[in-house]
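Structure assessment
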Amino acid sequence: PPPPSRLPSAAAAAKSRTRALFKKGVAKVKGIGVLGGRKQLYPVICWTHEGGEGYSARDASFSSDGASVAATCGLFVRIFDTKDGAVTQRLKGHKAHVVRLCFSSVSKRIAAAAADCHVIIWSTESGEPMFHWFEASRVSSLSFSSDADLCIGGEREFGLWSEAVARSTSRKTQSVVACCSWSVEGERLALGMESGKVSVRDVGGREVYQWDVGEKIVSIGWNESKNGSGSARGGRAPNAWNLFVATEMGLVKHFMLMHGGGCQEVPELNTKLEKRTVGVCLIQTTGHMVVGGQDDQSAHLHAYGDVLLMCELKSKILSVTTHSTVASTPLIAIGCENGALHIFKLVGSAI
């Protein structure tokens, strides 16, 4: 990393607080260097909420502006200020442990699903429940579109909920929907299945693309931005792929959707990680990947072939979530089995 004199004072202070996490060195690290004029970045920890209530931080989600992050905490959802970790709201209403949650990107809403299949949507302004309904199967994933439509992934089915009609309509699938993600414009929905199948749907839920990656999928995401450009990870052709898929066994693949319902793999961008993963997130503005390990309680930052150890934690990692925009510093949330929530940011300087 660059010397503290080259960093803003806040970043230098954060770097000093983070040194304890790097006591064991950075094995396997080649260094996060400058590739194609990109920034040199490295992670520093902002704050940690220890939990301590005996509940797991099974899922976390950032607000669209990055000012808040929500995390599961037993029967409740806690919302934190990302600057200092202060608890700003405590949402209650579930009668079973909350397992999935998601911020709406356009409205002040947050959706949460509990182990008893109940889904609640709260207003983050009032902290009061606005909508409440029961799903027919266990909820395994949630994703809001840019139009505030909600996808609810379940066991061999997924639901589509709209505030305009205030009800969920179900569609059948061939396997458990392990993860789901709306495209930026909200016109396409990608579903990742435990069976290894990928299904891309239109806004009405009709399948328009389908293929098989052969392993259980843990993460799925789009390579898009509102101005039409792709992420930095696309290299010389940032729009050469549309969708990335990560599997439990550490395989990350990139695909380009073709006209007429076909897809083409982009093998030169694929990555085989050296670990089983609970989740992989792509930071579109920088092209970095954040990888949460399933077995070793550690998280790593991948940058164009280089690997940096972010942290070794005291408990099993259950969730990895990122937030980044062109105007903000990338943020990373890591939730653990012991209830701890760790917030990192990427800092550095252009060289």
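A few points on the structure. Each chain has its residues counted from 1, following the order in which its sequence is written. The model is predicted, so local features are restricted to residues of pLDDT at least 70 and side-chain atom pairs to those at 80 or more, both for listing and for counting; the totals for chains, interfaces and linings are taken over all residues. Excluding hydrogens and water, the side-chain values take into account all heavy atoms of the structure.

1. Quick word on the overall build of the chain
- What counts as a helix is a DSSP run of H or I of at least four residues, what counts as a strand is a run of E of at least two, and both are numbered from the N terminus. Counting secondary structure elements, the chain contains one helix and 29 strands.
- When the accessible surface of the chain is summed, it comes to about 15,300 Å², and 50% of that surface belongs to carbon and sulfur atoms. To be clear on the numbers: accessible area is Shrake-Rupley with a 1.4 Å probe, and residue cover counts the displayed protein chains and nothing else.

2. Remarks on the pairing of strand β13 (residues 167-172)
- In terms of strand pairing, strand β12 (residues 157-162) meets β13 through six bridges, oriented antiparallel. What sits directly across from glutamate 157, in β13, is lysine 172.
- We call two strands paired when DSSP finds no fewer than two bridges between them. Hairpin remark: β12 followed by β13, antiparallel, with four residues in the connecting loop; positive phi at alanine 166, about 55°.

3. A word on the nonpolar core
- Residues belong to a common nonpolar core when they are buried Ala, Val, Leu, Ile, Met, Phe, Trp, Tyr or Cys residues joined through side-chain atoms within 4.5 Å. Relative accessible area decides the class of each residue, using a 1.4 Å probe on protein chains only: under 20% of the type maximum gives buried, over 50% gives exposed, and in between gives partly exposed. If you look at the biggest cluster of nonpolar residues, it comprises 22 residues, and the most contacted ones within it are Val290, Met310, Cys311, Ile332, Ile334 and Phe344.
- Only β1 (40-49), β23 (277-283), β25 (298-303), β26 (306-312), β27 (317-323), β28 (331-336) and β29 (341-349) provide two or more residues apiece to this core.
- Among the elements that take part in this core, β1 stands out by supplying four residues, more than any other.
- Counting 14 residues, the second largest nonpolar core, distinct from the first, contains Ile217, Leu243, Val245 and Leu257.

4. Structural notes on the packing of aromatic side chains
- Note on aromatic pairs: the rings of Phe, Tyr and Trp (six-membered ring only in Trp) are paired at centre separations within 6.5 Å, and the planes decide the class, stacked below 30 degrees, edge-to-face beyond 60, tilted for the rest. Following the criterion strictly, the structure yields four aromatic pairs and no others.
- Here the aromatic rings of tryptophan 47 and phenylalanine 80 are separated by 5.5 Å at their centres, their planes lie at 40°, and the arrangement is tilted. Residue tryptophan 47 is located in strand β1, and its partner phenylalanine 80 is located in strand β4 (residues 76-81); the two are separated by 33 residues in the primary sequence.
- Classification of phenylalanine 80 by relative accessible area gives buried; the value is 1%.
- Consider the rings of tryptophan 211 and phenylalanine 255, whose centres lie 4.9 Å apart with planes at 50°: the pair is tilted. Taken together, the residues tryptophan 211 in strand β17 (residues 207-212) and phenylalanine 255 in strand β20 (residues 251-257) connect sequence positions 44 residues apart.
- Tryptophan 211 sits in the buried class, given a relative accessible area of 11%.
- Phenylalanine 255 sits in the buried class, given a relative accessible area of 4%.
- Three or more aromatic residues joined by ring pairs form one cluster here, namely Phe131, Trp133 and Trp161.
- Working rule: Lys NZ or Arg CZ, within 6 Å of ring centre, within 35 degrees of ring normal, means a charge sits over the ring. One residue, arginine 90, lies across the ring of phenylalanine 76, its end atom 3.7 Å from the ring centre.

5. Notes on the sheet that holds β17
- Read across the sheet, four strands follow the order β14-β15-β16-β17 without closing on themselves; strand pairing throughout is antiparallel. Of all the strands in the sheet, just β14 (177-182) and β17 have a single pairing partner and so form its edges. On average, adjacent strands in this sheet sit at an angle of 15° to one another, irrespective of strand direction.
- In the sheet, strand β16 (residues 197-202) pairs with β17 via five bridges, with the strands oriented antiparallel. Residue pairing for β17: valine 200 is matched across the bridge by tyrosine 209. Note on method: axes are straight lines fitted to C-alpha atoms, helices fitted across the in-contact stretch only, with angles between N-to-C directions ranging 0 to 180 degrees.

6. Quick notes on the pattern of salt bridges
- Between Lys or Arg on one side and Asp or Glu on the other, a salt bridge is scored when a side-chain nitrogen of the former is within 4 Å of a carboxyl oxygen of the latter. Applying the stated criterion across every chain yields a total of 11 salt bridges.
- Linking glutamate 157 and lysine 172 is a salt bridge whose minimum nitrogen-to-oxygen distance equals 3.7 Å. Of this pair, glutamate 157 sits in strand β12 while lysine 172 is found in strand β13, placing the two residues 15 residues apart along the sequence.
- Residue class for glutamate 157 comes out buried when judged on its relative accessible area of 8%.

7. Points about unusual backbone geometry
- Of note, the phi angle at alanine 148 is positive, near 70°, even though the residue is not glycine.
- With respect to the helices and strands, alanine 148 occurs in the loop between β10 (141-144) and β11 (150-153).
- One non-glycine residue, glutamine 297, lies in positive phi territory at about 55°.
- With respect to the helices and strands, the residue glutamine 297 is situated in the loop between β24 (288-293) and β25.

8. Examining the sheet that holds strand β9 (residues 129-134)
- If you walk across this open sheet you meet the four strands as β6-β7-β8-β9, and the pairing is antiparallel. A strand with exactly one partner marks an edge of an open sheet, and here the two such strands are β6 (98-103) and β9. With direction set aside, neighbouring strand axes in the sheet form an average angle of 15°.
- Where strand β7 (residues 109-114) meets strand β8 (residues 118-123), five bridges bridge the pair, whose relative direction is antiparallel. By the bridge assignment for β8, isoleucine 110 is matched with tryptophan 122.

Function cannot be read off these values alone, since they describe shape.
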